[in-house]
Amino acid sequence: MLSKWLGVISVNEFRTFFLRSAPIARPATALGDQALLDWNVVDRVLRSEPDVLVVSRGELLSLPPPKSLCELREYLAAGVGLCMRHTERHDPGLARVADAFAELGTAQVQLFVTPAGTHGFGWHYDDEEVFVAQTAGTKDYYFRANTITADRPAGPAMFARFPEETSPLCSATLVAGDFLYIPGRWWHMAQCSEDSLSLSVGVTLRTGASIAASLQ
């Protein structure tokens, strides 16, 4: 799956020039995988009661997670979105996505449902490598190197230091079928111009020689 999402860039080139060091966006390389996350999949996963965070404009809300697509649409109309975690446990297609990245390390799949004109989380970073496939809607991603807390695990106290960051700001607009890689501990956030679905694979890489061998 990674080789397909990278398009004309080989996995070896990705390992050499991008892994752990630089983001990369590729247009239309995930077009064939949009069915992995459409509104029917969202409905099915919601009905299985996954681990859900209810979010809006950088705030974690105490609202109860919706139990169906019908309930979710009410949330979206109010500008409220979702982050569904470890969804590989709730859908066979998403389980195959996690399996496709398992050779790199420990993989888990998050689903983001974000209403138009909003964003979910504010500026933050993940300890894992992040591989994003945009499957519906349009989303503007912003990211920048972490020069102040890259040696610290992710957490609210670290995120609060974002205003100190001075690294150059990068951006990529993803439409349905596009792919984006964000290195672990790089700052990022995203803003939607229309209702959006995105699939994010978080991978905790193996160390040393085992990474190089698994990426061949």
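Since the structure is predicted, the reported quantities are computational estimates derived from the model, not experimental observations.

Chemist: Could you give an account of the nonpolar core, with specific residues and numbers?
Modeler: In terms of nonpolar packing, the biggest core is built from 44 residues, with Phe14, Leu72, Phe101, Phe131, Leu199 and Val201 touching the most fellow members. Those residues within four positions of Leu72 in sequence are excluded, and the remaining contacts are Trp39, Val42, Leu46, Pro66, Leu82 and Val113. Of all hydrophobic cores here, the second largest spans 10 residues; its members include Tyr141, Ile182, Trp186 and Ala190.

Chemist: Just give me the short version of the pattern of salt bridges, but keep the residues and values in it.
Modeler: Considering all chains together, one arrives at seven salt bridges under this definition. Arg85 is paired through a salt bridge with Asp51; the nearest N and O atoms lie 3.0 Å apart. Residue Arg85 is located in strand β4 (residues 81-85), and its partner Asp51 is located in strand β2 (residues 51-56); the two are separated by 34 residues in the primary sequence. Here Arg85 falls in the partly exposed class, since its relative accessible area comes to 29%. Among the ionic pairs, Asp127 bridges to Arg185, the shortest N-O distance being 3.0 Å. Of the two residues, Asp127 is situated in the loop between β5 (105-114) and β6 (129-136) and Arg185 in the loop between β9 (179-182) and β10 (187-192); the sequence distance between them amounts to 58 residues. Using a relative accessible area of 35% as the deciding quantity, one classes Asp127 as partly exposed.

Chemist: Tell me about the state of the cysteines, and please be specific about residues and values.
Modeler: Disulfides are covalent bonds that connect the sulfur atoms of two cysteines. In the structure shown here, the tally under the stated rule is zero disulfides. The cysteine Cys170 is free of any disulfide, with Cys192 supplying the nearest cysteine sulfur at 19 Å. Here Cys170 falls in the partly exposed class, since its relative accessible area comes to 29%. The closest cysteine sulfur to the non-disulfide-bonded Cys192 is located on Cys83, 13 Å from its own sulfur. Judged by relative accessible area, Cys192 falls into the buried class, the value being 2%.

Chemist: Let's hear about the sheet that holds strand β8 (residues 170-174): which residues, and what values?
Modeler: Read across the sheet, three strands follow the order β8-β7-β10 without closing on themselves; strand pairing throughout is antiparallel. The strands lining the two open edges of the sheet, one partner per strand, are β8 and β10. Shown here is a sheet whose adjacent strand axes are inclined to one another by a mean of 20°, direction ignored.

Chemist: Account for the packing of aromatic side chains, naming residues and giving values.
Modeler: To describe a pair of aromatic rings, one takes the distance between the centres and the angle between the planes. Overall, the coordinates contain 11 aromatic pairs when judged by the stated rule. Taken together, a centroid distance of 4.9 Å and an interplanar angle of 80° make the contact between Phe14 and Tyr181 edge-to-face. Taken together, the residues Phe14 in helix α2 (residues 11-17) and Tyr181 in strand β9 connect sequence positions 167 residues apart. Across this residue pair, the class does not change: Phe14 and Tyr181 are buried.

Chemist: Describe the sheet that holds strand β3 (residues 59-60), listing the residues and the values that go with them.
Modeler: The strands that make up a sheet pair up through hydrogen bonds in the backbone, lying either parallel or antiparallel. The eight strands lie next to each other as β1-β9-β6-β11-β5-β4-β2-β3, forming an open sheet whose pairing is antiparallel. Looking at strand neighbours, the two that pair on one side only are β1 (24-26) and β3, the edges of this open sheet. Sheet topology note: the β4/β5 ladder contains three bridges and is antiparallel. The residue bridging Met84 from the neighbouring strand is Leu111, located in β5. Relative to β5, helix α5 (residues 92-101) is tilted by about 140°, and along the sheet it contacts β5, β6 and β11 (196-205).

Chemist: Describe the confidence of the model for the protein chain, with residues and values.
Modeler: Of all residues in the protein chain, 96% have pLDDT values of 70 or greater, and the mean over the chain is 94. Counting interchain partners and residues more than four positions distant, the pLDDT-below-50 stretch residues 209-216 has 15 contacts.

What counts and how
Every residue gets a number counted from 1 within its own chain, in the order that chain's sequence is written. In keeping with the model being predicted, local features are shown solely for residues with a pLDDT of at least 70 and side-chain atom pairs are shown and tallied solely at 80 or more, while totals for entire chains, interfaces and linings include all residues. Hydrogen atoms and water are omitted, and side-chain values are computed over all heavy atoms in the structure. Residues belong to a common nonpolar core when they are buried Ala, Val, Leu, Ile, Met, Phe, Trp, Tyr or Cys residues joined through side-chain atoms within 4.5 Å. Partly exposed describes any residue whose relative accessible area lies between the buried limit of under 20% and the exposed limit of over 50%, with all areas from a 1.4 Å probe on protein chains only and scaled to the type maximum. We call two residues contacting when some pair of their heavy atoms lies within 4.5 Å. In the sections that follow, a salt bridge refers to a side-chain nitrogen of Lys or Arg positioned within 4 Å of a carboxyl oxygen of Asp or Glu. The helix and strand labels rest on DSSP assignments: H or I over at least four residues marks a helix, E over at least two residues marks a strand, and numbering proceeds from the N terminus. Note on terminology: pairs of cysteine sulfur atoms within 2.5 Å are recorded as disulfides. At least two DSSP bridges between two strands are needed for those strands to be called paired. Orientation is described by axes fitted as lines to C-alpha atoms, over the contacting stretch for helices, and by angles from 0 to 180 degrees between their N-to-C directions. Ring pairs shown here join Phe, Tyr and Trp side chains whose ring centres sit within 6.5 Å, with only the six-membered ring taken for Trp; geometry is labelled stacked below 30 degrees between planes, edge-to-face above 60, and tilted in between. As a per-residue measure, pLDDT tells how confident the predictor is, with possible values from 0 to 100.

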